[in-house]
Amino acid sequence: MRRAIEHIPVGQNHAAELRGTVTLAFADRHRRRIRLYDDAGAAFLLDLPHAVRLGDGDRLKLADGGVIVVQAAEEAVMTITCAGPIAAARMAWHIGNRHTPMQVLKDGRLRIIDDHVLRDMIIGLGGVVDSEIAPFDPERGAYHGLGGNAQESGHHHGHDHDFFADADQGEAETEVGAAHRHGQTHSHHSHGHDHNHNHAAGGDHDH
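Residues numbered from 1 in each chain as written. Predicted model: local features only at pLDDT ≥ 70, side-chain atom pairs only at ≥ 80, totals over all residues. Heavy atoms only, no water.

**Q** What am I meant to see in the sheet that holds strand β7 (residues 74-81) here?
**A** The strands making up a sheet associate through backbone hydrogen bonding, with each pair oriented either parallel or antiparallel. In spatial order, the strands read β8-β9-β7-β10; together these four strands make up an open sheet with antiparallel pairing. At either end of the open sheet lies a strand with only one pairing partner, and these are β8 (103-104) and β10 (128-135). By the bridge criterion, two bridges tie β8 to strand β9 (residues 110-113) in an arrangement that is antiparallel. Within the sheet, the bridge partner assigned to Q103 lies in β9 and is R111. Helix-sheet contacts for helix α1 (residues 85-96) involve β7 and β9, and the interaxial angle to β9 is about 20°. (Pairing = 2+ DSSP bridges. Helix = DSSP H or I, 4+ residues; strand = E, 2+ residues; numbered from the N terminus. Contact = heavy atoms within 4.5 Å. Axes fitted to C-alpha atoms, helices over the stretch in contact; angles between N-to-C directions.)

**Q** Looking at this structure, how should I read the pattern of salt bridges?
**A** Pairing between side chains becomes possible if they bear opposite charge and their charged atoms approach one another. Throughout the structure, instances matching the rule amount to 12 salt bridges. D47 serves as the salt-bridge partner of R3, at 3.1 Å between the closest nitrogen and oxygen. Within this pair, whereas R3 is found in strand β1 (residues 2-8), its partner D47 is found in strand β4 (residues 43-53), the two being separated by 44 residues in sequence. Taking relative accessible area as the criterion, D47 reaches 17% and is therefore assigned buried. (Salt bridge = Lys/Arg side-chain N within 4 Å of Asp/Glu carboxyl O. Buried < 20%, exposed > 50% of the residue type's maximum accessible area, 1.4 Å probe, protein only.)

**Q** What am I meant to see in the nonpolar core here?
**A** In terms of nonpolar packing, the biggest core is built from 14 residues, with F44, L46, L54 and L60 touching the most fellow members. When residues of this core are traced back to their parent elements, those giving at least two are β2 (18-24), β3 (30-37), β4, β5 (59-62) and β6 (67-72). Element by element, the count of residues in this core is highest for β4, at four residues. Filtering out sequence-adjacent residues up to four positions away, L54 remains in contact with H7, L24, R29, L46, L60 and V70. If you look at the next biggest cluster of nonpolar residues, it comprises 13 residues, including M91, I95, L110 and I112. (Core = buried A, V, L, I, M, F, W, Y, C linked by side-chain atoms within 4.5 Å.)

**Q** Even after reading the chapter, I still don't get the packing of aromatic side chains, so can you show me in this structure?
**A** Describing an aromatic ring pair means giving the distance of the ring centres and the angle of the ring planes. Under the counting rule described, the total for this entry stands at one aromatic pair. Ring centres of F26 and F136 lie 5.2 Å apart, and the angle between their planes is 80°; on these two criteria the pair is classed as edge-to-face. With F26 in the loop between β2 and β3 and F136 in the loop between β10 and β11 (175-176), this pair connects stretches of sequence that are 110 residues apart. Taken as a pair, F26 and F136 share a single burial class, namely buried. (Phe/Tyr/Trp six-rings, centres within 6.5 Å; stacked < 30°, edge-to-face > 60°.)

**Q** Sorry, what's going on with the environment of A25 here?
**A** By the secondary structure assignment, A25 is in the loop between β2 and β3. With 111 residues separating them in the primary sequence, A25 and F136 have C-alpha atoms 7.7 Å apart.

Below, the structure is given as structure tokens:
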């Protein structure tokens, strides 16, 4: 079986033969070791040194040469339009305060995984929500490219909806990938509660 042994982030120069693509939903893109199927139906083993969050356009280097390109699958998302940049910044703060992955689109709109609890919050804050089926490729953590891994910022909360808690599945070789070529979708639920943070030296961290 082919083995993918290195993660190459999008934008990083690396000349290699394209050996296929693999289309994955967001919840399936934080992995270390797992059996996957590319978009042609051929199996390969993702076998990385540590778990990484795979982004749209990232490449997986194969042990025998060439790369497989990661593509974000279309899935149920909410695209959020705000009244202006200040309203968008305020909205992004509230979404981030719930530790919810979020994508900033080129036109300034925000995108998150579909969630009815957050929908109510967003509408209450004055946002306009469009339910769509679209690729979801959220912002990478500030430590991405600097050795960040599972939570990318080294700051993890064991409550709310954790997309990554079971990503590695105890090194089990689970099969993922082919399902997204047959119209299967994922749904996620988030508890839209607030967190109060005090990260000053010696400060408490209350939830």
